[in-house]
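Reading the structure
Residue-level listing of the chains:
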Amino acid sequence: MNRTNLVMQAWTVLIVGLFAHCGSDTGADPQAVAVPVDDDGTTIVADKNGLTAYLQSGKYLKWESEAAVHDSIRSHGGSVRTYFNNRYLFARRTGSYPMNVGSMAVKELYSGSSLTGYAVGVKTRESSGAETWTWYETTGLPDVQYFGVANPTCEGCHAADGGRDRSLTPSVPAPTR
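Residues numbered from 1 in each chain as written. Predicted model: local features only at pLDDT ≥ 70, side-chain atom pairs only at ≥ 80, totals over all residues. Heavy atoms only, no water.

1. A short note on the overall build of the protein
On a plain count of helices and strands, the protein comes out with four helices and ten strands. Each of the 177 residues in the protein was classed as buried or not, and the buried ones make up 41%. Here the contacts in the protein between residues at least 6 apart in sequence split such that 47% fall between residues at least 24 apart. A total accessible area of about 9,500 Å² is found for the protein, and carbon and sulfur atoms account for 55% of it. (Helix = DSSP H or I, 4+ residues; strand = E, 2+ residues; numbered from the N terminus. Buried < 20%, exposed > 50% of the residue type's maximum accessible area, 1.4 Å probe, protein only. Contact = heavy atoms within 4.5 Å. Areas by Shrake-Rupley, 256 points an atom, 1.4 Å probe, with all protein chains shown as cover.)

2. Topic: the pattern of salt bridges
Here the structure, examined in full by the defined rule, presents six salt bridges. Residue E64 pairs with R93 through a salt bridge whose shortest N-O separation is 2.8 Å. Highlighted residues: E64 in strand β4 (residues 64-65) and R93 in helix α3 (residues 86-94), separated in sequence by 29 residues. The partner of R166 in a salt bridge is D161, and the shortest N-O contact between them spans 3.9 Å. We classify R166 as buried; its relative accessible area is 14%. Each of the salt bridges in this network shares a partner with another, and the network as a whole consists of E155, D161 and R166. (Salt bridge = Lys/Arg side-chain N within 4 Å of Asp/Glu carboxyl O.)

3. What about the environment of V35?
Note that V35 resides in strand β2 (residues 35-36). Linking V35 and V45, residues ten residues apart in sequence, is a C-alpha distance of 6.4 Å. With residues near it in sequence (within four places) discarded, V35 still touches T42, T43, I44, V101, G102, V122, K123 and T124.

4. What about the nonpolar core?
Residues V37, L51, Y60, W63, M104, V106 and V120 are the most contacted members of the largest nonpolar core, which totals 19 residues. Every element with two or more residues in this core is listed here: α2 (48-57), β7 (104-111) and β8 (114-123). If near-sequence neighbours (up to four positions away) are discounted, Y60 is found in contact with Y54, L55, Y83, V106, E108 and Y118. (Core = buried A, V, L, I, M, F, W, Y, C linked by side-chain atoms within 4.5 Å.)

5. Some points on the packing of aromatic side chains
Here the structure, examined in full by the defined rule, presents five aromatic pairs. Through successive ring pairs, a cluster of aromatic residues spans Y60, Y83 and Y118. (Phe/Tyr/Trp six-rings, centres within 6.5 Å; stacked < 30°, edge-to-face > 60°.)

6. A word on the pairing of β8
Within β8, seven of the ten residues are buried, which leaves it mostly tucked inside the rest of the structure. As judged from the eight bridges shared by β7 and β8, these two strands associate in the antiparallel manner. From the neighbouring strand, L109 faces β8, where its bridge partner is G117. The hairpin turn running from β7 into β8, its antiparallel successor, is two residues long, and G112 in that turn takes a positive phi close to 65°. Sheet analysis places β8 next to strand β9 (residues 133-138), joined by six bridges and oriented antiparallel. Bridge pairing in β9 links G121 to W135. (Pairing = 2+ DSSP bridges.)

7. Notes on α2
If you check which residues of α2 are buried, you get G50, L51, T52, Y54 and L55. In this fold, the buried residues of α2 make contact with β3 (43-44), β7, β8, β9 and β10 (146-149). Looking one or two residues beyond α2, the residue adopting positive phi is G58, at roughly 75°.

8. What to know about the side chain of S79
With respect to the secondary-structure elements, S79 resides in strand β6 (residues 79-84). Apart from the residues within four sequence positions on either side, S79 is in contact with V69, H70, D71, S72, E108, L109 and Y110.

9. So, unusual backbone geometry
Y97 connects to P98 through a cis peptide bond whose omega is 0°. On the secondary structure map, P98 appears in the loop between α3 and β7. In this chain, L141 is followed by P142 through a cis amide linkage whose omega measures 10°. Relative to the helices and strands, P142 is located in the loop between β9 and β10.

Encoded structure:
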């Protein structure tokens, strides 16, 4: 094999490797048929279609949220605003870990003032650890770049949770009573 062919093979391996990591999908939790996410009894199937449909419904907008859009502290780029369901808020406010099944946070992703995507974490199994969370990130519905139980891209940051069951949000909104 000549030098030109070796160089071309090396470039091909590099490019394929880079694009293989542009998104990742570890699959839905086969044990999570439906999880409760709202106090009104709403459940969702924590797969791509179920999470996409829930986001498109806008039901998460009734949850408590951060006061305003702000610069992202870690990942997800640009600006963000996070909404938290009551299960998630209860755990964070009381330090009750691991969180209950159905605990969920929806982070809206912004470029300037335009909503460009979502990052979602939903607790799909009892206990603690990577395999108890399903992660979902899109930079434009219906395409999903990162998805799945214990997704290694998401876990790369969320494993450093400081003992808060994969929650990296520095603080949650105070109770509104």
